[in-house]
Amino acid sequence: MSFTILTNEEIQTRLLAFENACRERGLRVTEQRREIFKAVASSRQHPSAQAVFAAVRHKMSNLSLDTVYRALDSLEKMNLLLRVGTSGKERFDADTRPHAHFICNTCGEVYDVFSAPVLSEWKTAACDCGDVTHINVQFKGICKRCRQHAPVLK
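Residues numbered from 1 in each chain as written. Predicted model: local features only at pLDDT ≥ 70, side-chain atom pairs only at ≥ 80, totals over all residues. Heavy atoms only, no water.

### Things to note about helix H2 (residues 31-41)
Buried residues of H2: Arg33, Glu35, Ile36, Phe37, Ala39, Val40 and Ala41, and no others. The inward-facing, buried residues of H2 abut helix H1 (8-24), helix H3 (49-57), helix H4 (65-77) and strand E2 (91-93). (Buried < 20%, exposed > 50% of the residue type's maximum accessible area, 1.4 Å probe, protein only. Helix = DSSP H or I, 4+ residues; strand = E, 2+ residues; numbered from the N terminus. Contact = heavy atoms within 4.5 Å.)

Quick look at the structure:
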């Protein structure tokens, strides 16, 4: 998977939020945790745990895939990452602004959807089940690229 790189300023802003959140929770900012977060925070591609592992492994040869999974899980619990997709095909997103995701059933790509105006309303809406702390909206279908290359059925 190729990673689309964000601007240095965007990456630094996300890394600062990561470091502050770790310190607030009494977690050490380890090099492994930082590099794992940076791999996700530097990408717009919603990388999988395996893609994060591949991206970080060349810098840290003693890194295990299990460590990557545990770090991603703890970063999600700290609300620094969003988990996107379904079990077994999970991807991660460091952009925690309110938005939805479109997941292509054909190629598996994940796209950010910021044009869903109801997302901000959903969080503030009264819910008799409990307090809403997080919303995860996912649209599934066939992306424009796959639709373009799909054979025409007669």
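Past the structure itself, the notes keep going.
### Here we look at the confidence of the model for the protein chain
Parts of the model with low pLDDT should not have their predicted coordinates read in detail. When pLDDT is averaged along the protein chain, the result is 85; 86% of the residues meet or exceed 70. The lowest-confidence element of the protein chain is helix H5 (residues 118-124), averaging 62 in pLDDT; the highest-confidence one is H3, averaging 95. (pLDDT = per-residue confidence, 0-100.)

### Overview of the environment of Ser48
Positionally, Ser48 belongs in the loop between H2 and H3. Ser48 gets classed as buried once you look at its relative accessible area, which sits at 15%. On a C-alpha basis, the gap between Ser48 and Arg83 in space is 9.5 Å, while along the polypeptide they are 35 residues apart. Here Ser48 is in contact with Glu90, Arg91 and Phe92, once residues within four sequence places are set aside.

### Section: the packing of H3 against H4
Packing of H3 against H4 brings their axes to within 9 Å, and their N-to-C directions diverge by 120 degrees. Judged by the sense of rotation from one axis to the other, the crossing of H3 with H4 is right-handed. In this structure, H3 contributes Ala49, Gln50, Val52 and Phe53 to the contact, and H4 contributes Leu65, Val68, Tyr69 and Leu72. Across the contact of H3 with H4, the residue classes break down as 7 nonpolar, 1 polar and no charged. (Axes fitted to C-alpha atoms, helices over the stretch in contact; angles between N-to-C directions. Left-handed = near helix turned anticlockwise from the far one by under 90°. Nonpolar A, V, L, I, M, F, W, Y, C, P; charged D, E, K, R; others polar.)

### Notes on the pattern of salt bridges
Summed over the entire model, instances satisfying the criterion amount to 11 salt bridges. For the salt bridge of Glu10 with Arg44, the shortest nitrogen-to-oxygen distance reads 3.3 Å. Here Glu10, found in helix H1, pairs with Arg44, found in the loop between H2 and H3; they are 34 residues apart in sequence, far enough to count as distant. Between Glu90 and Arg83 there is a salt bridge, with its nearest N and O atoms 3.1 Å apart. Residues participating in the shared-partner salt-bridge network are Asp73, Glu76, Lys77, Arg83 and Glu90. (Salt bridge = Lys/Arg side-chain N within 4 Å of Asp/Glu carboxyl O.)

### Re unusual backbone geometry
With phi around 55 degrees, His46 is a residue other than glycine that occupies positive phi space. Looking at the element boundaries, His46 is found in the loop between H2 and H3.

### Digging into the side chain of Thr67
Locating Thr67 in the fold gives a position in helix H4. Taking relative accessible area as the criterion, Thr67 reaches 17% and is therefore assigned buried. There is a polar contact of 3.3 Å between the side chain of Thr67 and the side chain of Arg70. (Polar contact = N/O pair within 3.5 Å; in protein donor to acceptor, adjacent residues only side chain to side chain.)

### Some words on the packing of aromatic side chains
Evaluated as defined, the whole model comprises 2 aromatic pairs. For the ring pair Phe18 and Phe37, a centre distance of 4.9 Å and an interplane angle of 10 degrees mean the geometry is stacked. Of the two residues, Phe18 is situated in helix H1 and Phe37 in helix H2; the sequence distance between them amounts to 19 residues. Of the two residues examined, Phe18 and Phe37, each falls in the buried class. Relative to Tyr111, the ring of Phe102 lies with its centre 6.3 Å away and its plane at 50 degrees, an arrangement referred to as tilted. Note on Phe102: relative accessible area 22%, which makes it partly exposed. Judged by its relative accessible area of 32%, Tyr111 is partly exposed. (Phe/Tyr/Trp six-rings, centres within 6.5 Å; stacked < 30°, edge-to-face > 60°.)

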